Every structure is written in structure tokens, then in C-alpha cells.
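# Structural overview for review
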Amino acid sequence: MASSITLSSSFLPSQLSNSSRVRFKPYSTSTFKLTSFATKIRASSTAFAETKPTEPVIVEKDVRSSKNILACPICYEPVTLIGATVLSVDSTRGSSLQCSTCKKTYSGKETHLELTVASGSKEYCDAMPLATEFFRTPFMSFLYERGWRQNFVWGGFPGPEKEFELMKDYLKPVLGGNILDASCGSGLFSRLFAKSGLFSLVTALDYSENMLQQCYEFIKQEENFPKENLILVRADIARLPFISGSLDAIHAGAAIHCWPSPSAAVAEVSRVLRPGGVFVATTYILDGHFSFIPFLKPISQRFAQVSGSNFFLSEHELEDVCSACGLVDFTCTRNGRFVMFSATKPS
């Protein structure tokens, strides 16, 4: 059953080399020292959220297979790493991955691993919806963190830092594991995840080559960035290149409304999450007085068909798509049009 928390507008912050051929090696059990942030809700006609640091906590988690996660997007079988001993932001260039079953090879670009189904084709190119192609342009990729994302505050988005604090509460059960930042854009949250030390491995995934290029450039500009715990991957959200049940957590920030088929994408999310894994996402909801517009639902469906971009009319729609794809324990937090929701892969 869905539960919901409403946040008041006062919650909003101000705007804003040696060549080798190896299999991925298991990692030993590790202990992570984390600082948790407790969220406290004050009961009133409108709830206010506060975050304050608590005492450091020790999270012990077996992450032996945390980096043994990549798979062929065609047959979902494990891939073999060629040209490096371990994958990271710095080792991508010159490396490649080969499927253990169909033997297809996927190349490592200067900034990312290329793991789309059509990777390596010379003549064929997938025609993607307008919403997808819009975010593949160099201009949009450059603009995303330099003005575009800041405008989300008008839709109720509380800003990256507050969103990060909110999502950490949902992610508590899987801290210390690995996380996929799906449709990561220019890596705004991917970099926050990597620098936080809360996860053993962060995978930043997007279909846009230019977004991944921007993410790479931002990483290069930061001193002492933990590159060894982050990899950049280009892939289709509806064909995720991960072994089934290999991921502890998946985050999709302001992304699900841009997916051509949310149900196909969430089905993939469900497939690659391990039992007990957590899916956290944010999007917009058009409800309230919008719900009284006649024929709004069929209009939204036609709009999605033409543009490839979706808009949701209620929290129940989001819960329904999660449930249909096998995820349970749906819960959400609201602030105006903004919603952050979470669902879990059954144990």
C-alpha cells in the first residue's frame, strides 16, 4: 500500500599497461564507516523535514561480487574484461569487454564503456524518440548542470543536496553495496554517490554520449575524486547490461518521465536488482486541478507516443508500474509536483 509524506515549500533551498585478459575478480568482505543522517518529521498540518548528522555507524556488508556485475546486453551473460585488470574511470580507454556466450566485443571509449545492443554496427543506428535525442545533443548536455537542472525548483524539486539527503533514508538497507545511477545525465548524483563513500561501486549510465562526456569532464576538474569506485557506461535503459540480480540499488533522478516505455525500463530495473534491492526515483506528477481536465489520460498517452516523454497523473500510476514489474513496498515523498518514490525487489 502506498504511503506518502508532503513537504512544505519552506523545505526548498536556494537555487541553485599492461595488456591482460581477466575475469572480474570477487572482492573480499569489506567494512564501511558511514555517517548517517536521520530524518525527523514534525507533526502539523504540513510536515517539515529536517536532516541532522547522527553518530557515525558501522555498516558491514559482504560485497565480494559487487564488481562482477556487467553483462552482454544481447544475451545477459557475463562479460570478460580485456586490456585492464579492473574497471574504473581511468581504465576505460583501451579496454574492451567480450561476452562469454555470443562472443560479441564491446569497446571502451575515452570516457565510457559502450554497451548498447547496436554497439559496433557500421551502418545501422537506432532511431530514438525526441525526448531521448534532445538530451543527446552537445548543447543540452553542456547546459544541464549549468542552468537547466536549477529550474526544477519551480516544479517542487528541493535541489540536489536535499534530494540526496532524502534518498539516503530510502537507501539505508543497501548501504555498502553497489548502486546504478540510471539515466545519470551529466553525473550530478553519480559523483555525489562516489564521493559519499556510501557504496562500494557506482555505475553512471546514460544513453547520451555527450552527457557521459560532461560527467567525465566534471570528474577531471575535481581533486582527489575517488575514480576507482566509479565507472561510466552507455546503455539503453530498456536493455540494461547487468547480470540479473547483481545490483543492490538503482537511482533514477528526474528520468522516468523521459523513458520511452517506463514499464519496460522498470521491468529491467526489477530484473537486475538483487532480492531486497532498492529502486529510488524522482519525477513530476500532474494531479490536483490538472486531474479535472477532460480526456487528460488519453492526451498524455498520445503525447508519449509522439515525443517519447511521459507525464504521470497520480502516485497510483507510479505504484502500479512498480507493482506490475514485481516491485513491492512502494512509498513516496511529495513536494508540489515533485515526487520521490521507492520500491523494493522482494526477498
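Residues numbered from 1 in each chain as written. Predicted model: local features only at pLDDT ≥ 70, side-chain atom pairs only at ≥ 80, totals over all residues. Heavy atoms only, no water.

Turning next to the overall build of the protein chain. The number of helices and strands found in the protein chain is eight helices and 15 strands. Per-residue burial over the protein chain gives 53% buried out of 347 residues. Total accessible area on the protein chain is roughly 15900 Å²; 55% of this is exposed by carbon and sulfur atoms. (Helix = DSSP H or I, 4+ residues; strand = E, 2+ residues; numbered from the N terminus. Buried < 20%, exposed > 50% of the residue type's maximum accessible area, 1.4 Å probe, protein only. Areas by Shrake-Rupley, 256 points an atom, 1.4 Å probe, with all protein chains shown as cover.)

Time to look at the packing of helix α3 (residues 160-171) against helix α4 (residues 188-196). Interhelical geometry of α3 versus α4 gives an angle of 60 degrees and a closest axis separation of 11 Å. It follows from the interaxial angle that α3 and α4 lie oblique. The handedness of the crossing between α3 and α4 comes out as right-handed. Contacts from Pro 160, Glu 163, Phe 164, Met 167 and Leu 171 of α3 reach α4 at Leu 188, Phe 189, Leu 192, Phe 193 and Ser 196. Residue composition of the contact of α3 with α4, by class: eight nonpolar, one polar and one charged. (Axes fitted to C-alpha atoms, helices over the stretch in contact; angles between N-to-C directions. Parallel < 35°, antiparallel > 145°, perpendicular 65-115°, else oblique. Left-handed = near helix turned anticlockwise from the far one by under 90°. Contact = heavy atoms within 4.5 Å. Nonpolar A, V, L, I, M, F, W, Y, C, P; charged D, E, K, R; others polar.)

A side chain with one charge may pair with a side chain of the opposite charge, provided their charged atoms come close. For the structure shown, the criterion picks out 15 salt bridges. The shortest N-O distance in the salt bridge between Arg 191 and Glu 145 comes to 2.9 Å. One end of the pair, Arg 191, is in helix α4; the other, Glu 145, is in helix α2 (residues 138-148), with 46 residues separating them in the sequence. Taking the shortest distance from any N to any O, the salt bridge between Glu 222 and Lys 195 comes out at 3.1 Å. Within this pair, whereas Glu 222 is found in the loop between α5 (209-221) and β11 (230-234), its partner Lys 195 is found in helix α4, the two being separated by 27 residues in sequence. A relative accessible area of 26% places Glu 222 in the partly exposed class. (Salt bridge = Lys/Arg side-chain N within 4 Å of Asp/Glu carboxyl O.)

To continue, consider the packing of α2 against α5. Relative orientation of the contacting elements α2 and α5 amounts to 45 degrees, with a least axis distance of 8 Å. When the axis of α2 is compared with that of α5, the two are oblique. Handedness of the crossing formed by α2 with α5: right-handed. Within the contact between the two elements, α2 uses Pro 138, Met 140, Ser 141, Phe 142, Tyr 144, Glu 145 and Arg 146 and α5 uses Asn 210, Met 211, Gln 214 and Phe 218. Considering only residue class, the contact of α2 with α5 consists of six nonpolar, three polar and two charged.

Before going further, it helps to examine the side chain of Glu 315. Position of Glu 315 among the secondary structure elements: in helix α8 (residues 315-324). The buried category is assigned to Glu 315, whose relative accessible area is 18%. A distance of 3.1 Å separates the side chain of Glu 315 from the side chain of Arg 334, its partner in a polar contact. (Polar contact = N/O pair within 3.5 Å; in protein donor to acceptor, adjacent residues only side chain to side chain.)

For strand β15 (residues 338-344), the tally of buried residues reaches seven of seven residues, placing the bulk of the element in the interior. Neither face of β15 is exposed, since Phe 338, Met 340, Ser 342 and Thr 344 on one face and Val 339, Phe 341 and Ala 343 on the opposite face are all buried. Between the antiparallel neighbours strand β14 (residues 328-335) and β15 lie two residues, among them Gly 336 with a positive phi of about 65 degrees. (Pairing = 2+ DSSP bridges.)

Looking now at the confidence of the model for the protein chain. Taken as a whole, the protein chain shows an average pLDDT of 80; of its residues, 74% reach a score of 70 or greater. Overall, residues 5-66 carries pLDDT values under 50, and its contacts beyond four positions in sequence, including any with other chains, amount to 140 contacts. (pLDDT = per-residue confidence, 0-100.)

Let us look at α8. Among the residues of α8, those classed as buried are Glu 315, Leu 318, Glu 319, Val 321 and Cys 322. End-on, the buried residues of α8 take up no more than an arc of 165 degrees, which puts them together on one face. Facing away from the buried side of α8 by more than 90 degrees, the exposed set consists of His 316, Asp 320 and Ala 324. With a side-chain oxygen positioned 3.3 Å from the backbone nitrogen of His 316, the residue opening α8 is Ser 314. (Arc of directions from axis to C-beta.)

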